[in-house]
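A structural walkthrough
Here are the chains, one letter per residue:
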Amino acid sequence: MALILAPDEQAILTAASALAEGKLVAIPTETVYGLAADATNGDAVAGIFEAKGRPHFNPLICHVSDIAMAARYAVIDPLSRRLMDAFWPGPLTLVLPLKPDTAIHPLVAAGLDTIALRMPRGVAGKIIAVLDRPLAAPSANTSGKISGTSAEAVADDLGQKIALILDAGPSEVGLESTIVKVDGDGVLLLRPGGLTAEDIEAVIGGKLNRIDQRAAIQAPGMMVSHYAPSAGVRLNVHEVREGEALLAFGPERARGAERALASFNLSQTGNLREAAANLFDFMKRLDSLGGAVIAVEPIPFNGLGEAINDRLVRAAAPRVSSIAEMEQIK
Ligand code: TXA
Ligand code: MG
């Protein structure tokens, strides 16, 4: 079972040396817990795919300690730089052209000529600064499962497969980072996440471009069936059916809410920030009841509601319709 440590100075050094030796360490970030490996060590990065059971074509986000470290590996255009200045450290990932011949192992970007970079808040940044190398880190969960937002969730899911988990309490944001890519004068939203489109639009002084969510898989975090609980998920529920567990939102209840096996309210007051922080934890808890279906009350689409609804739609997606799809989901 993984060792779980509070993230004090000693633990930061312990984590950095484990990472330098090629081990996997689960680290807290403000978005979700990350399953981290030294991004320059191909064996270590391969270990991430193994531990998560994740398809190899899925490129990983590389975490840096500051903009100077980002500039070692990627070509930073002026608009991307403005976004870094505005939002780093924080829940924003930028996809940038990868410089040739860097130390980053090609497996991290799955052979692409771009790299997804992000500077996390808190203890993760300190570990990266000590290590002085970027960390490849997808969310710390088995592939296709709900992202880990606490050390306990990570230990439950991956504790047998990793050596060390740093425990900094529940993730503050609770949703993965927003991923964007600067494309000429425009900025393309690749994955909605913990930073709202509105916040980004205020800095760029214009609208984000959006890809057709149903189009080809641009980013595998965008695979339709992702974040899947074992239970089925029914969205925009106004009436709870017999035997369903209820994921509620806001002060008013769906009809028949008293019938629910159990219920958790993402935010009693309808606060989307609170809802985002609770989302994965509550889905996991409702799922563990073993009911067939989790019914979810309607959640507005503004602000963080976009990313929350995005994750819920993925959780509700039909699981398998072909062998090829099954290959991708696992
Ligand atoms: O908040 C987060 O972003 C968390 C924490 C741990 O930092 N990390 C995370 O990483 O969600 P992961 O590996 O689960 O998600 C990586 C996403 C995938 O959707 C992947 O396709 C996309 O980033 N991605 C990575 N490199 C890319 C690239 N070069 N071009 C386009 N998308 C890329
Ligand atoms: Mg993930």
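Since the model is a prediction, treat every value here as computed from it, not as a measurement.

Side note on the sheet that holds strand 11 (residues 209-210)
- Taken in spatial order, the 11 strands line up as 1-8-2-3-7-4-6-5-9-10-11 in an open sheet, and their pairing is mixed. Strands at the two margins of the open sheet, each flanked by one partner only, are strand 1 (3-5) and strand 11.
- Bridge count between strand 3 (residues 34-38) and strand 7 (residues 135-136): two bridges; the pairing is antiparallel. Within strand 7, the residue paired with alanine 37 across the bridge is alanine 136.
- Of the strands in this sheet, strand 3 and strand 7 touch helix 2 (residues 42-52), which is tilted by about 155° from strand 3.
- Sheet strands in contact with helix 4 (residues 78-87) are strand 5 (92-97), strand 9 (178-183) and strand 10 (186-191), and its direction is about 155° off that of strand 5.

Topic: the packing of aromatic side chains
- One pass over the structure, following the stated rule, counts one aromatic pair.
- Ring centres 4.9 Å apart and planes at 25° place the aromatic pair phenylalanine 264 and phenylalanine 282 in the stacked group. Here phenylalanine 282 lies in helix 8 (residues 272-287) and phenylalanine 264 lies in strand 14 (residues 263-265), a separation of 18 residues in the sequence.

A look at helix 4
- Every buried residue belonging to helix 4 is among Leu79, Ser80, Leu83, Met84 and Phe87, and all of these are buried. An end-on view of helix 4 places all buried positions within 145° of arc, on one side of the element.
- Packing partners of the buried residues in helix 4 comprise helix 3 (67-73), strand 5, strand 9, strand 10 and helix 7 (197-204).
- Put simply, aspartate 77 is the residue that caps the front of helix 4, since its side-chain oxygen is 3.2 Å from the backbone nitrogen of leucine 79.

Focus on the pairing of strand 5
- The buried fraction of strand 5 is high, at five of six residues.
- Relative to strand 9, strand 5 runs parallel, the two being bridged by four bridges. Directly across from leucine 94, in strand 9, lies its bridge partner valine 180.
- In the sheet, strand 5 pairs with strand 6 (residues 114-118) via four bridges, with the strands oriented antiparallel. Across the sheet, leucine 96 pairs through a bridge with isoleucine 115, a residue of strand 6.

Observations regarding the domain arrangement of the protein chain
- Segmentation of the protein chain into domains returns domain 1 (3-176) and domain 2 (232-328).
- With 14 residues of domain 1 in contact, the opposing surface of domain 2 contributes 13 residues.
- Ranking the residues of domain 1 by area buried against domain 2 places Ile146, Leu175 and Glu176 at the top, with a combined share of 50%.
- For the pair domain 1 and domain 2, the number of links is two salt bridges.
- Notably, a salt bridge pairs glutamate 176 with arginine 311, separated by 3.0 Å at the nearest N-O pair.

A few points about the environment of alanine 260
- Structurally, alanine 260 is set in the loop between strand 13 (245-248) and strand 14.
- Sequence separation between alanine 260 and glutamate 244 is 16 residues; the distance between their C-alpha atoms is 5.3 Å.
- The residues touching alanine 260, leaving out its near neighbours within four places in the chain, are Val240, Glu244 and Leu246.

With respect to the side chain of asparagine 141
- Along the polypeptide, asparagine 141 turns up in the loop between strand 7 and helix 6 (151-158).
- At a separation of 3.1 Å, a polar atom in the side chain of asparagine 141 contacts the main-chain carbonyl oxygen of lysine 145.
- Excluding anything up to four places from it in sequence, asparagine 141 contacts Lys52, Ile146, Ser147, Gly148, Asp157 and Leu158.

Looking at the nonpolar core
- Core analysis: the biggest nonpolar cluster contains 70 residues, and Leu83, Trp88 and Ile127 have the highest contact counts within it.
- If one sorts the elements of this core by residue count, helix 1 (residues 9-20) sits on top with six residues.
- Leaving out residues up to four positions away in the same chain, leucine 83 has contacts with Trp88, Leu92, Leu94, Val180, Val182, Val187, Ile200, Val203 and Ile204.
- Within the second largest apolar cluster, 26 residues are counted, among which are Leu247, Ala275, Met283 and Leu304.

Let's talk about the sheet that holds strand 15 (residues 293-296)
- With parallel pairing, the four strands of this open sheet are ordered in space as 12-15-13-14. Across the chains shown, the open sheet's two edge strands, defined by having one partner strand only, are strand 12 (232-234) and strand 14. Between one strand and the next, the sheet's axes are offset by a mean angle of 20°, whatever the strand orientation.
- Pairing between strand 13 and strand 14: three bridges, direction parallel.

Some points on the environment of alanine 295
- Along the chain, alanine 295 falls in strand 15.
- With a relative accessible area of 0%, alanine 295 lands in the buried category.
- As a C-alpha pair, alanine 295 and glycine 159 span 136 residues in sequence and 29 Å in three-dimensional space.
- Residues contacting alanine 295, with those up to four places away along its chain left out, are Arg234, Val237, Glu244, Ala245, Leu246 and Leu247.

So, how was this worked out
Residues numbered from 1 in each chain as written. Chains lettered and ligands numbered in written order. Predicted model: local features only at pLDDT ≥ 70, side-chain atom pairs only at ≥ 80, totals over all residues. Heavy atoms only, no water. Pairing = 2+ DSSP bridges. Helix = DSSP H or I, 4+ residues; strand = E, 2+ residues; numbered from the N terminus. Contact = heavy atoms within 4.5 Å. Axes fitted to C-alpha atoms, helices over the stretch in contact; angles between N-to-C directions. Phe/Tyr/Trp six-rings, centres within 6.5 Å; stacked < 30°, edge-to-face > 60°. Buried < 20%, exposed > 50% of the residue type's maximum accessible area, 1.4 Å probe, protein only. Arc of directions from axis to C-beta. Polar contact = N/O pair within 3.5 Å; in protein donor to acceptor, adjacent residues only side chain to side chain. Domains from an automatic or database assignment. Buried area = accessible area lost by both parts, 1.4 Å probe. Salt bridge = Lys/Arg side-chain N within 4 Å of Asp/Glu carboxyl O. Core = buried A, V, L, I, M, F, W, Y, C linked by side-chain atoms within 4.5 Å.

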